[in-house]
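Structural description and commentary
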Amino acid sequence: MLPTLQVGPLAVQVPGLVLLIGLWLGLSLAERRAGWYQTAPANLYNLVLVGLIAGVSGARLVYVARYPAAFAASPLSLISLNPGLLDSTGGVAVALLAAMVFRQRKQMPGWPTLDALTHLMAVLAIALEVAHLASGEAFGSPTGLPWGIELWGARRHPSQIYAILAASLILGWLSLPQTQRKAGRPGVTFLAFVCFSAGARLFLEAFRGDSLLLVGGLRAAQLVSWLALALGLIGLARLQRIGEKTVHRVQS
Amino acid sequence: MRAGSSQWTLNSLGILLLGAAWIWASAVPAGSQNGRLPAPQAGFQAPDFRLPTPSGETISLADLRGQPVLINLWASWCPPCREEMPAIQRVYQDYQSRGFVVLAVNATSQDSLPSALEFVSELGLTFPILLDTDGQVSALYRLRSLPTSFFVDGKGIIREVVIGGPMSEALLRIRVEQLFELGD
């Protein structure tokens, strides 16, 4: 666990730093592989940049809208660097909206763009889990297994390391030549990534000690992952059917 | 071609059924999560401590059960600590009457008592200042960076940890309101 790194008088937040490095590495990789999906690297870079700026600003504005009295009492807090003053759901919604508008304006095709972005998402997934490891968040449930780690008063599953391994395997799959060959079928890379990531989360969430619980002790993240997995599989089936129809039409 | 689609559908249904069974098998029995373990992390019981104030009075965290508490670890030489203290003081003044408590734990083992007292008087702080002279509380709360703040609800559970600073006044107000909403 290394939540902060003291550099002289400056306390650097390691999780934030890891996410920034992840973003940079992921974006570089996505730009390099944009050609697999016939996507212009510059457009991809600008799309992410627009989404990021809109997302952060949107996250703060949505937060202000939720708690207007607190910001009215302290208007300078509007420009505070506290990440706790960001609404993540609102930020994601605004980022997606801004990215969709940008994509339409630049006439970027939907599926190939998502496929190209998958490489960024895969690197970010690893960075997110490394950030969790640094901060001690997303910790595991108690275990007696020999590879358990001492954390927060108990020997626990190294859930962050499980997640890093799973995300690394998914990134490895994305780098395979077979995956590159499938790049010719738009949407397959992205939807397969959704299925793999959702499946990994569904399985690994069982070893977490901080799950949000619903009725009957069911873990919310597993239910969301199951739904994402189902949607991913349905999407892949539809793409497969469309592909088969196209082949059939060409043959006849 | 049809056979391929049917196989895909069957495989998908199998995966989804397995997933549903795993969700059911890994459901958490009620009350078995971390609430009772003491650890300096959100979702855990705040580790108890007892520290003296500069006037010699002793304050224990356990005695404040039922009240929302902000534990702020600070030192007089730390610029972000100096920057966030006036906001903490203003929020304390506004919510003190409702039972909100600030425990400003001076990391005295890394500070000097005269400098700490001068800091308190210069900023006109009226909440309890606690002296961690031997660094026990700093170690108990795994202090790695100054300032570090812990928002503790009425049940003694840590709801949020903020490492570093300065915290903005809006963040403080919102978190204190949220602690009151959680009740005791």
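Structure: see above.
Report on the accompanying structure. (Residues numbered from 1 in each chain as written. Chains lettered and ligands numbered in written order. Predicted model: local features only at pLDDT ≥ 70, side-chain atom pairs only at ≥ 80, totals over all residues. Heavy atoms only, no water.)

Digging into the overall build of chain B
A count of helices and strands for chain B gives 5 helices and 7 strands. The secondary structure elements of chain B, listed N-terminal to C-terminal, are α-β-β-β-α-β-α-β-α-β-β-α. By the compact-globule yardstick of 16 Å for 184 residues, chain B is too spread out, its C-alpha radius of gyration being 23 Å. Summarising its shape, the C-alpha atoms of chain B cover approximately 80 × 30 × 30 Å along the three principal directions. (Helix = DSSP H or I, 4+ residues; strand = E, 2+ residues; numbered from the N terminus. Rg over C-alpha atoms; globule rule 2.2 N^0.38 Å.)

Here we look at the sheet that holds strand β6 (residues 148-152) of chain B
Residue and element names in this part refer to chain B. Reading across from one edge, β5-β4-β3-β6-β7 is the order of the 5 strands in this open sheet, with mixed pairing throughout. Each of the sheet's edge strands pairs with one partner strand only, and the pair in question is β5 (129-131) and β7 (158-163). The mean angle between the axes of side-by-side strands here comes to 20°, regardless of whether they run parallel or antiparallel. In this structure, strand β3 (residues 69-74) lies alongside strand β4 (residues 101-106), joined through 6 bridges in parallel fashion. Looking across to β4, one finds that N72 is bridged to A104. The sheet contacts of helix α3 (residues 113-123) involve β3, β4 and β5, and relative to β3 the element is tilted by about 130°. (Pairing = 2+ DSSP bridges. Axes fitted to C-alpha atoms, helices over the stretch in contact; angles between N-to-C directions. Contact = heavy atoms within 4.5 Å.)

So, the pairing of β3 of chain B
All names here are of chain B. Counting buried positions along β3 gives 6 out of 6 residues, so the element sits mostly inside the fold. Side chains V69, I71 and L73 project from β3 onto one buried face, and the interleaved L70, N72 and W74 project onto a second face that is buried too. Regarding topology, helix α2 (residues 79-95) serves as the crossover connection from β3 to the parallel β4, and that connection is right-handed. Two strands pair when backbone bridges link them, and β3 and β6 are joined in this way by 5 bridges, in the antiparallel orientation. Note that in β6 the partner of L70 across the bridge is F151. (Buried < 20%, exposed > 50% of the residue type's maximum accessible area, 1.4 Å probe, protein only. Right-handed = clockwise from strand over helix to strand, strands pointing away.)

Side note on helix α1 (residues 14-33) of chain A
All names here are of chain A. A rise of 1.5 Å per residue sets the reference length of α1, with its 20 residues, at 28 Å; its end C-alpha atoms lie 28 Å apart and thus fit the reference within 8%. Of all the residues in α1, the buried ones are V14, P15, V18, G22, L23, G26, L27, L29, A30 and R33. On its buried side, α1 packs onto β1 (4-7), β2 (10-13), α2 (41-66), α5 (110-135) and α6 (159-174). (Expected span 1.5 Å × (residues − 1).)

Examining the pattern of salt bridges
Residue and element names in this part refer to chain B. Applying the stated criterion across every chain, the model contains 11 salt bridges over all chains. Taking the shortest distance from any N to any O, the salt bridge between D94 and R173 comes out at 2.8 Å. Of this pair, D94 sits in helix α2 while R173 sits in helix α5 (residues 169-182), and the two are 79 residues apart along the sequence. Residue classification places R173 among the buried residues on the basis of a relative accessible area of 11%. (Salt bridge = Lys/Arg side-chain N within 4 Å of Asp/Glu carboxyl O.)

Let's talk about the environment of V194 of chain A
The residue V194 of chain A is located in helix α8 (residues 188-204) in this model. A sequence separation of 170 residues divides V194 of chain A from W24 of chain A, and the C-alpha atoms of the two residues are 22 Å apart.

Considerations on the packing of α2 of chain B against α3 of chain B
Residues and elements named next belong to chain B. Two numbers describe how α2 lies on α3: the axes approach to 11 Å, and their chain directions differ by 40°. Our pair here, α2 against α3, has a crossing hand that is right-handed. Here C81, R82, M85 and P86 of α2 come into contact with α3, specifically with F119, E122 and L123. Of the residues that constitute the contact of α2 with α3, the class distribution is 5 nonpolar, no polar and 2 charged. (Left-handed = near helix turned anticlockwise from the far one by under 90°. Nonpolar A, V, L, I, M, F, W, Y, C, P; charged D, E, K, R; others polar.)

Considering unusual backbone geometry
Residue P147 of chain B is reached from L146 of chain B by a cis peptide bond, and omega for that bond is -5°. Here P147 of chain B is to be found in the loop between α4 (136-140) and β6. The residue after G165 of chain B, namely P166 of chain B, is reached through a cis peptide bond having omega 5°. Within the element layout of this structure, P166 of chain B appears in the loop between β7 and α5. Backbone geometry at A138 of chain A places phi at a positive 55°, although glycine is not the residue there. On the accessibility criterion, A138 of chain A (5% relative accessible area) is buried. Positive phi, close to 50°, is recorded for W152 of chain A, a residue that is not glycine.

Regarding a positive patch on the surface
Among the surface-exposed residues, R238, R241, K245 and R249 of chain A lie close enough to one another that they form a single positively charged patch. With respect to the helices, strands and loops of the structure, K245 of chain A is situated in helix α9 (residues 220-251). (Patch = residues over 30% accessible without salt bridge, like charges linked within 9 Å, V, L, I, M, F, W, Y side chains within 5 Å. Areas by Shrake-Rupley, 256 points an atom, 1.4 Å probe, with all protein chains shown as cover. Lys, Arg positive; Asp, Glu negative; His and termini not counted. Charge placed at Lys NZ, Arg CZ, Asp CG, Glu CD.)

Details of the side chain of E129 of chain A
The topology assignment puts E129 of chain A in helix α5. Setting aside residues no more than four positions away along its own chain, E129 of chain A makes contact with Q160, A163 and I164 of chain A.

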